[in-house]
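# Per-entry structural report
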Amino acid sequence: MAQIEDPAFTIRIEAARNYVEICMLGLWDEPTARRFERELRSLLPALPKGGCPIGQQNTLFDSTAYAVQPQDVSAQLAGLAADPSIGSRRIAVLVSSTLSKLQTRRIAPGYGIFNDRDGATKWLFERDD
């Protein structure tokens, strides 16, 4: 398992499960968003080569302790969400408020949005038949 702990976020990769879990905390500024992107990109190569190339992992964002973000941070995160070089097979976001849900839909319209971890995890690992 590869992991990065930061006061504003935690990124954990479980290579054996092709799983990335990201916990986002508090209110960010642009330098925090850039640091997050840099750390995420540094950890993604920990995913197994061949068995699960980047883009085929399942990712869970826990944003239940993450504030609604200012526009500049939202714009940076929207650009990151749209970058196919770090995309995932499926991405679920845990939210704790309606406002957070609305911001997530605007930033990342293709992500699954959930209020409970069990539902998000079940959806992430469903087969695409």
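Quick summary incoming for the structure in this document. (Residues numbered from 1 in each chain as written. Predicted model: local features only at pLDDT ≥ 70, side-chain atom pairs only at ≥ 80, totals over all residues. Heavy atoms only, no water.)

### Describing the overall build of the protein chain
This is how the line gets drawn: Numbering of helices and strands runs from the N terminus, with a helix taken as a DSSP run of H or I at least four residues long and a strand as a DSSP run of E at least two residues long. C-alpha atoms define the radius of gyration, and 2.2 Å times the number of residues to the power 0.38 defines the globule rule. Buried residues are those whose accessible area, probed at 1.4 Å on protein chains only, stays under 20% of the maximum for their type, while exposed residues exceed 50% and partly exposed ones sit between those limits. Whether two residues are in contact is decided by their heavy atoms, any of which lying within 4.5 Å being enough. The protein chains shown are the only cover counted for residues, whose accessible areas, like all others here, come from Shrake-Rupley with a 1.4 Å probe. When charges are tallied, Lys and Arg are placed among the positive residues and Asp and Glu among the negative ones, while His and the ends of the chain are skipped. Lysine's charge is taken at NZ, arginine's at CZ, aspartate's at CG and glutamate's at CD.
In terms of helices and strands, the protein chain carries four helices and six strands. Taking 14 Å as the expected radius of gyration for a compact globule of 129 residues, we find that the protein chain reaches 14 Å, a close match to that expectation. By principal-axis analysis of the C-alpha atoms, the protein chain measures approximately 40 × 30 × 25 Å. With 129 residues in all, the protein chain has 45% of them scored as buried. The contacts in the protein chain between residues at least 6 apart in sequence include a share of 70% that link residues at least 24 apart. For the protein chain, the accessible surface area stands at approximately 6800 Å², while carbon and sulfur atoms represent 54% of it. Measuring between centres, the 15 positive side-chain charges of the protein chain sit 4 Å from its 16 negative side-chain charges.

### Topic: the pairing of strand β2 (residues 9-14)
Our working definition: DSSP-based pairing: two strands are paired if at least 2 bridges between them are found.
Taken across its six residues, β2 has five buried, putting it largely inside the fold. Looking at chain direction, strand β1 (residues 2-6) and β2 are connected through five bridges and run antiparallel. Note that in β2 the partner of D6 across the bridge is F9. Counting the residues in the hairpin turn of β1 and β2 gives two residues. Hairpin connection of β2 to strand β3 (residues 19-26): four residues between the antiparallel strands, including N18 at a positive phi of 55 degrees.

### Observations regarding the environment of Q3
Heads up, the condition is: Definition of a polar contact: a pair of N or O atoms within 3.5 Å, with one able to donate and the other able to accept a hydrogen when the atoms are protein atoms, and with sequence-neighbouring residues admitted only if both atoms are side-chain atoms.
Checked against the element boundaries, Q3 lands in strand β1. Taking the C-alpha atoms as reference points, Q3 and I13, 10 residues apart in sequence, are found 6.2 Å from one another. If we skip the residues at most four places from it in the chain, Q3 touches T10, I11, R12 and L43. Within the structure, Q3 has its side chain in polar contact with the side chain of E5 (distance 2.3 Å).

### Examining the packing of aromatic side chains
The condition is simple: Here a Phe, Tyr or Trp ring, Trp counted by its six-membered ring, pairs with any other such ring whose centre lies within 6.5 Å, and the pair is stacked when the planes are under 30 degrees apart, edge-to-face when over 60, and tilted otherwise. Only Lys NZ and Arg CZ are tested; either one counts as a charge over a ring when it is within 6 Å of the ring centre and within 35 degrees of the ring normal.
Inspection of every chain in the model, using the stated rule, returns seven aromatic pairs. Residues W28 and Y66 carry aromatic rings whose centres are separated by 5.1 Å and whose planes lie at 80 degrees to one another, so their mutual orientation is edge-to-face. Taken together, the positions of W28 in the loop between β3 and α1 (30-43) and Y66 in strand β4 (residues 58-66) put the pair 38 residues apart, joining distant regions of the chain. Residue W28 shares its accessibility class with Y66, and that shared class is buried. One aromatic cluster is present, formed by F9, W28, F36 and Y66 through successive ring pairs. The aromatic ring of Y19 is capped on one face by R17, whose charged end is 4.7 Å from the ring centroid. Geometry around W123 places R90 over its ring, the cationic atom sitting 4.9 Å from the centre.

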